[in-house]
Amino acid sequence: MKNTISRLLAAVTLAASLPAGASTWVSIDNLSAFALVDLQATHSDSTTGWLDGGLNKTRFAEDDNGLQLGLAGLELRYKASTQLTLQGTLLADNEFNTKARLTEVFALYRPIPRSAWKGHWRAGLFYPALSLENRGPLWTSPYTLSTSAINSWIGEELRTLGLETSWTRQGRFVGSTLDLTVFGSVYWGNDPAGSLLSWRGWALHDLQAGTGTKVPLPELSLFNYNGTFSAQRPYSQPIKEVDDRPGFYTGLRWKHRQGSQLGYTYYDNRADPSQIRDGQYAWHTRFHLVSLEGRLPGQLTLLAQYLVGDTLMANPQGEPKVVNDFWASYLMLSQRWERWRYSIRLDRFRIKDLDSTPDDNNWEDGRALTLAVNYRITKAWKASIEYLIVDAERPARRQLGEPIQQVNRQLLVSLRYGVSLGAN
Amino acid sequence: MYRPWWVSGLLAVVWPATAAQLTLQVQDHRGSPLELRDTVVYLVPETPQTETVRKEQAPIAIEQRDRAFVPQVSVTRTGSRVQFPNRDDFNHHVYSFSATQPFELPLYKGETIPEITTRQSGEIVIGCNIHDWMIGFLLVVDTPYFAASSTGRWTFSDLPPGRYGLRLWHPRITQGDRQSETIEVTADGNLALTRRLRHALLPTSRQAPTGSQDEEHYF
């Protein structure tokens with residue numbers, strides 16, 4: 001995996017520097033950056049956090065109460081030429097094995113349009129453009145601290161390691177108020193995507209996996225030396241390539257001039273579920289995602305996403321071992337008022353376990369309520385407070401000696417400093 | 001007095017106007033004065049004219065200011081210079097894919113003022129490859145008789161006698177309302193015309209990022 005990434009990065013860097021030329025390459029004028037530090041005070045009532053082998057639904061547990069580093073990160077952008085930008089994001093926090101990790105590094109090519117259709121190409125490691133919430137720098141959300149179940153999952157298990165192209169028919173050039181976008185991608189990696197969702201379930205947080213990240217799995221007996229999935233390491237490596245088979249996603253989006261939009265994406269990692277490599281199974285994961293954004297009068301924004309899909313993991317003979325249907329949705333209303341932003345979000349999520357593998361019940365049914373208030377102190381400083389309550393049933397909790405049904409409450413107070421440097 | 005556009009056109013052809021000065025008033029489809037910023041009226045001579053000394057057109061400027069083209073709508077003559085000064089302290093990448101005159105002005109900022117020279121008549125829609133919401137419109141006309149107005153009222157003086165195609169243009173005016181009519185100008189008297197659009201105006205091309213693009217900077 002590391003080899004794949006470094007080879008890809010080398011190729012991208014080389015490709016980018018060729019047309020740019022050596023003189024442009026060193027020009028600091030074309031370099032811009034965004035730096036962000038987020039300190040959080042947390043109070044949670046979860047007994048064991050999922051980052052410590054538990055099955056709770058929030059980022060923090062009782063042990064974490066107090067001051068925490070929410071996030072520190074740097075996004076670098078380099079305009080290599082008029083049409084080519086190189087971008088990379090380095091994130092750090094106190095979670096995972098890799099305290100600092102690259103979450104994105106890619107080349108963006110935006111050729112000059114020859115018609116009302118304007119296109120771009122991206123190559124490298126990057127987020128598929130699926131989230132309506134994570135539209136801030138470093139893939140943060142301007143609305144809440146913890147993102148919805150859907151986008152938390154995208155942040156931890158989905159990453160495009162490949163090529164994406166997107167074409168927008170710009171309505172303004174043809175007398176229309178709507179922009180139509182069609183996009184598609186072919187990517188490697190993402191084969192273990194589905195393992196965390198199946199074994200740990202949905203969660204609501206702001207963590208982002210990156211290069212080399214090992215996301216811990218719950219301490220269930222099926223990963224023991226004599227367990228059903230003893231070949232699985234106690235962690236998931238979401239970006240890893242397992243079967244050398246590329247996956248794809250494709251979709252379309254209508255966006256109104258005022259910002260309202262409706263989008264649909266189909267995602268299929270085309271993994272061969274009978275493969276396993278370095279203790280990571282390949283999971284054949286597919287889903288449909290419908291996204292709706294409404295720009296309502298008076299700076300009120302409505303965001304809603306609905307994701308429905310399935311995942312399949314098999315033994316080397318190809319017999320299905322884990323078969324799950326899953327869906328999740330959220331509805332959020334966010335109101336901006338001068339320096340304030342108030343957001344309320346309702347999440348629903350579910351996993352339906354369709355296999356009969358013993359000791360591996362992935363069934364889950366839950367809901368969450370998120371209330372968040374942000375206050376912009378200055379251009380660079382922002383304070384937020386968020387209350388998150390997740391009520392979920394998950395029979396697998398019994399294996400950890402915990403009640404099946406749990407309510408996790410988490411209060412976060414955050415102070416963020418963000419500064420943008422260099423060219424616009 | 002309201003007359004449908006085509007009736008006016010017909011009357012104009014049948015009863016030649018006799019004037020060296022033309023005053024035109026245009027109303028929107030509801031009958032109010034067309035107060036549309038920089039609406040262009042131009043007259044294309046249909047009878048041969050000898051323009052003894054070609055009126056040189058001064059260069060016009062389309063600025064990039066606060067991530068917008070200012071003015072958003074411009075008009076100039078063929079063979080004229082159009083400058084694109086960047087008043088922002090960051091780069092723009094101006095382009096047009098219009099068949100009239102496709103062009104591309106690479107990233108620049110500061111002192112250098114790139115320009116184009118218009119080659120043929122037609123509409124040139126201008127965009128910025130960096131700021132997708134920026135949009136500007138340039139109309140190139142092959143006649144010295146053109147004027148932009150924001151009040152719905154235009155005056156042309158010292159028009160040589162002859163037949164002219166009278167045309168109205170603005171990106172928000174429908175194709176149906178842009179079609180021309182023929183008027184006849186004679187050496188004496190004034191000609192005052194009033195016209196009314198048949199169709200509602202097209203939606204505004206607002207040069208501002210949509211809400212979500214705006215929030216990208218709101219971490």
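Quick summary incoming for the structure in this document. Remember, it's a predicted structure, so these values are computed and weren't measured experimentally.

Quick notes on the packing of aromatic side chains
Aromatic ring pairs: the centre-centre distance and the angle between the two ring planes describe each pair.
Here comes step 1: Per the counting criterion, the structure on display carries 24 aromatic pairs over all chains.
Here comes step 2: With a centroid separation of 6.5 Å and an interplanar angle of 50°, the aromatic rings of Phe173 of chain A and Tyr95 of chain B are classed as tilted. Remark: Tyr95 of chain B occurs in strand E8 (residues 92–96) and Phe173 of chain A occurs in the loop between strand E6 (160–169) and strand E7 (178–188); the pair is interchain, linking two chains. Note on accessibility: Phe173 of chain A and Tyr95 of chain B belong to one class, buried.
Here comes step 3: Ring plane angle 10° and centroid distance 6.4 Å describe the contact between Tyr249 of chain A and Tyr267 of chain A, whose orientation is recorded as stacked. Here the residue Tyr249 of chain A occupies a position in strand E10 (residues 247–256), and Tyr267 of chain A occupies one in strand E11 (residues 261–268), the gap between them amounting to 18 residues. This pair shows no difference in class: Tyr249 of chain A is buried, exactly as Tyr267 of chain A is.
Here comes step 4: Ring pairs connect the aromatic residues Trp153, Tyr187, Trp202, Tyr249, Tyr267, Phe287 and Phe326 of chain A, which therefore count as one cluster.
Here comes step 5: Of note, Arg122 of chain A hangs over the ring of Phe106 of chain A, and the distance from its end group to the ring centre comes to 5.2 Å.
Here comes step 6: For Arg200 of chain A, the ring lying beneath its charged end belongs to Trp50 of chain A, and the centroid distance is 4.3 Å.

Observations concerning the interface of chain A and chain B
Here comes step 1: The interface of chain A with chain B comprises 43 residues on the first partner and 30 residues on the second.
Here comes step 2: Note on chain A versus chain B: buried area summed over both sides is about 3,300 Å², and carbon and sulfur give 53% of it.
Here comes step 3: As a salt-bridge pair, Asp132 of chain B and Arg110 of chain A come within 3.6 Å of each other at their nearest N and O atoms.
Here comes step 4: If you list the elements that add at least two residues to the side of chain A that touches chain B, you get strand E1 (31–44), E10, strand E14 (284–296), strand E18 (364–376) and strand E20 (405–422) of chain A.
Here comes step 5: With three residues, E20 of chain A is the largest single contributor of residues to the side of chain A that touches chain B.

Topic: the layout of surface pockets
All names here are of chain B.
Here comes step 1: If you add up the space inside the second largest pocket, you get close to 460 Å³.
Here comes step 2: Around the second largest pocket, the lining comprises 30 residues; the ones closest to its centre are Phe137, His170, Pro171, Arg172 and Ser205.
Here comes step 3: When contributions to the lining of the second largest pocket are tallied by element, the ones reaching two or more residues are strand E5 (69–70), strand E11 (122–128) and helix H2 (175–178).
Here comes step 4: Class assignment for the residues of the lining of the second largest pocket results in 13 nonpolar, nine polar and eight charged.

Each value, and the rule that gives it
- Residues numbered from 1 in each chain as written.
- Chains lettered and ligands numbered in written order.
- Predicted model: local features only at pLDDT ≥ 70, side-chain atom pairs only at ≥ 80, totals over all residues.
- Heavy atoms only, no water.
- Phe/Tyr/Trp six-rings, centres within 6.5 Å; stacked < 30°, edge-to-face > 60°.
- Helix = DSSP H or I, 4+ residues; strand = E, 2+ residues; numbered from the N terminus.
- Buried < 20%, exposed > 50% of the residue type's maximum accessible area, 1.4 Å probe, protein only.
- Lys NZ or Arg CZ within 6 Å of the ring centre and 35° of its normal.
- Contact = heavy atoms within 4.5 Å.
- Buried area = accessible area lost by both parts, 1.4 Å probe.
- Salt bridge = Lys/Arg side-chain N within 4 Å of Asp/Glu carboxyl O.
- 1 Å grid on protein atoms, 1.4 Å probe; cavity = no way out; pocket = protein on both sides within 12 Å on 5 of 7 lines; lining within 4 Å.
- Points joined across faces, edges and corners; volume = space filled by probe spheres on them.
- Nonpolar A, V, L, I, M, F, W, Y, C, P; charged D, E, K, R; others polar.

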